[in-house]
Each structure stands twice: as C-alpha cells, then as structure tokens.
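Below, each chain spelled out in residue letters.
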Amino acid sequence: MRCKEELDTVDPVIEPRKPHCVHRRRAAGIHRLETTSEPRAHGLRRRARAGFTLLELMFAVAVIAILTTLAIGQFSKYVDRARNATAQGDIAMMQVEIERYQTGHGGALPDSLSDIGRPAFLDPWQQPYFYTKLAGVNGHGAARKDHKLNPINSDYDLFSAGKNGVFKPQVSQKDSLDDIIRARDGGFVGLAAEF
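Once a new chain begins, its residue numbering starts again from 1 and follows that chain's sequence as written. Totals for whole chains, interfaces and linings use all residues, but because this is a predicted model, local features are given only for residues with pLDDT of at least 70 and pairs of side-chain atoms are given and counted only at 80 or more. For the side-chain quantities, the full set of heavy atoms in the structure was used; hydrogens and water were omitted.

Engineer: Is there a simple way to explain the overall build of the protein chain in this structure?
Structural biologist: What counts as a helix is a DSSP run of H or I of at least four residues, what counts as a strand is a run of E of at least two, and both are numbered from the N terminus. When its secondary structure is counted, the protein chain shows one helix and six strands. Moving toward the C terminus, one meets the helices and strands of the protein chain in the order β-β-α-β-β-β-β. The 195 residues of the protein chain split such that 25% are buried. A sequence separation of at least 24 residues applies to 42% of the contacts in the protein chain between residues at least 6 apart. Accessible surface, the protein chain: about 14,200 Å² in total, of which carbon and sulfur atoms supply 58%. Relative accessibility decides the category of a residue: with a 1.4 Å probe and only protein chains considered, values under 20% of the type maximum give buried, values over 50% give exposed, and everything between is partly exposed. Contacts are assigned to residue pairs that have any heavy atoms within 4.5 Å of one another. In this description, accessible areas are obtained by the Shrake-Rupley approach with a 1.4 Å probe, and a residue is regarded as covered only by the protein chains that are shown.

Engineer: How should I be thinking about the nonpolar core in this particular structure?
Structural biologist: One recurring pattern in soluble globular proteins: nonpolar side chains tend to sit buried together. Buried Ala, Val, Leu, Ile, Met, Phe, Trp, Tyr and Cys residues form a nonpolar core when they are joined through side-chain atoms within 4.5 Å. Within the largest apolar cluster, 15 residues are counted, with the highest numbers of intra-cluster contacts made by Met94, Ile98, Leu113, Tyr131 and Leu158. Secondary-structure elements contributing two or more residues to this core are α1 (54-104) and β4 (156-160). By residue number, the principal contributor to this core is α1, which donates five residues. Leave out the neighbours within four places in its chain, and Leu113 touches Met94, Arg118, Pro119, Tyr129, Tyr131 and Leu158. Core analysis: the second largest hydrophobic core is formed by seven residues, Ile152, Phe159, Ala183 and Ala192 among them.

Engineer: Looking at this structure, I do not really get the packing of aromatic side chains. What am I missing?
Structural biologist: Geometrically, a pair of aromatic rings is defined through the distance of the ring centres and the angle of the planes. Here the aromatic set is Phe, Tyr and Trp, taking the six-membered ring for Trp, and pairing holds for ring centres within 6.5 Å; pairs whose planes are under 30 degrees apart are stacked, those over 60 apart are edge-to-face, and all others are tilted. One pass over the structure, following the stated rule, counts six aromatic pairs. Each ring, one from Phe159 and one from Phe167, has its centre 4.9 Å from the other, and the planes form 70°; the classification is edge-to-face. Overall, the relative accessible area of 4% leaves Phe159 in the buried class. Centroid distance Phe188 to Phe195: 5.3 Å. Interplanar angle 45°. Geometry classified as tilted. For Phe188, a relative accessible area of 15% gives the class buried. Each residue in the set Phe130, Phe159 and Phe167 is aromatic and connected to the rest through ring pairs, giving one cluster. The cationic tip of Arg118 hangs over the ring face of Phe121; the distance from NZ or CZ to the ring centre is 4.5 Å. The positively charged end of Arg144 is found above the aromatic ring belonging to Phe159, 4.1 Å away from the centroid. Geometrically, a lysine NZ or arginine CZ counts as sitting over a ring once it is within 6 Å of the ring centre and also within 35 degrees of the ring normal.

Have a look at this one:
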C-alpha cells in the first residue's frame with residue numbers, strides 16, 4: 001500500500017514543511033513507515049549544485065575550441081579568395097592602362113609600370129607586381145612558360161608572385177601555383193594553378 005499524499009491545501013509559506021513519506025520497510029514482520037524531512041530519489045540523496053563540474057567545463061572548452069578552429073579555417077580561405085580577386089582586378093586594370101599607353105604611343109609597350117603611373121604598386125600581399133616587356137626582345141628567355149615550356153604571352157608578362165611571394169619561370173612549378181598571372185596575351189587573368 002502506498003503512503004497517503006498530503007493535501008494540496010497546505011500553504012508551504014505559512015506552515016512549516018511536513019515530513020514526506022519515503023518508503024515502507026519490513027523489519028521482523030512489522031510494517032513500519034519511515035519519514036524524513038528531505039526528499040530522496042530511489043534511496044540516493046540529491047545534492048545541491050552550486051556550479052559546473054570540471055568535466056562539464058572541459059567539454060564546453062573543447063566544443064568552443066573545435067568551433068573556433070573551423071571558423072578560423074573558413075575565414076582564412078575567404079581572405080585568400082578575396083586577395084586573389086583583388087590581384088586579378090589589379091592586373092586587369094593595369095592591362096587596360098598598358099593598352100591605353102600603347103594607343104597613345106604608336107603601339108609601343110611601356111618599359112616599366114612607372115610609365116603607366118604605377119611605379120610602386122603593391123599586390124594584396126604587399127609585394128610588387130612584376131612586368132616584363134617581351135615584344136621586340138630576341139628569344140623567349142625572360143618569358144614565363146606553361147607546363148610544355150611554351151611562353152604564356154607574346155607581348156608582355158604581368159603577374160603577382162602570390163601568397164608565398166616566390167615564383168619560377170614555369171608557372172606549373174610548385175612555387176608558382178599561387179601566382180596571379182596574365183596569360184594568352186590577356187585572354188586569361190587568374191590563379192596559375194587554374195591555367
């Protein structure tokens with residue numbers, strides 16, 4: 001038989017707390033009702049929680065660390081894409097300025113970027129853009145080349161050394177894959193890895 005529950009009409013503020021029926025025990029054939037002033041859950045004492053346990057704090061720190069790592073990775077990829085796009089835009093803009101220079105100077109190419117008003121123009125990685133005039137030069141020694149060692153331009157080379165700041169004459173080499181290049185005489189402006 002279960003214990004009788006207290007009436008709901010008792011106001012806990014006015015009247016003190018009455019003992020709660022916990023369980024019955026058989027002892028020597030006599031049924032006895034034990035009461036206690038503290039509620040128990042299945043015989044285990046509930047403890048008051050004043051804060052977080054060490055395990056909970058470690059779990060929270062681990063979750064925050066994982067989320068931070070993911071966010072930083074995504075943010076750095078976004079920054080790289082933005083810098084690549086900026087360098088591509090700069091090269092396309094300088095290409096237009098070089099064409100204007102050619103139009104105003106009887107088809108002659110500028111000798112350097114300072115001739116078009118860009119003497120110390122830096123890429124998004126704070127490195128200078130590289131310009132090499134190829135037209136009128138005998139041979140293709142100074143020209144940048146593709147994976148088959150063919151020159152990628154016939155008039156001039158214009159590129160950024162990219163994130164690592166290092167470049168090789170052949171754009172398919174490992175150090176040059178992050179370069180932002182102008183190729184096919186202006187038909188391609190983009191990442192050397194995509195050329």
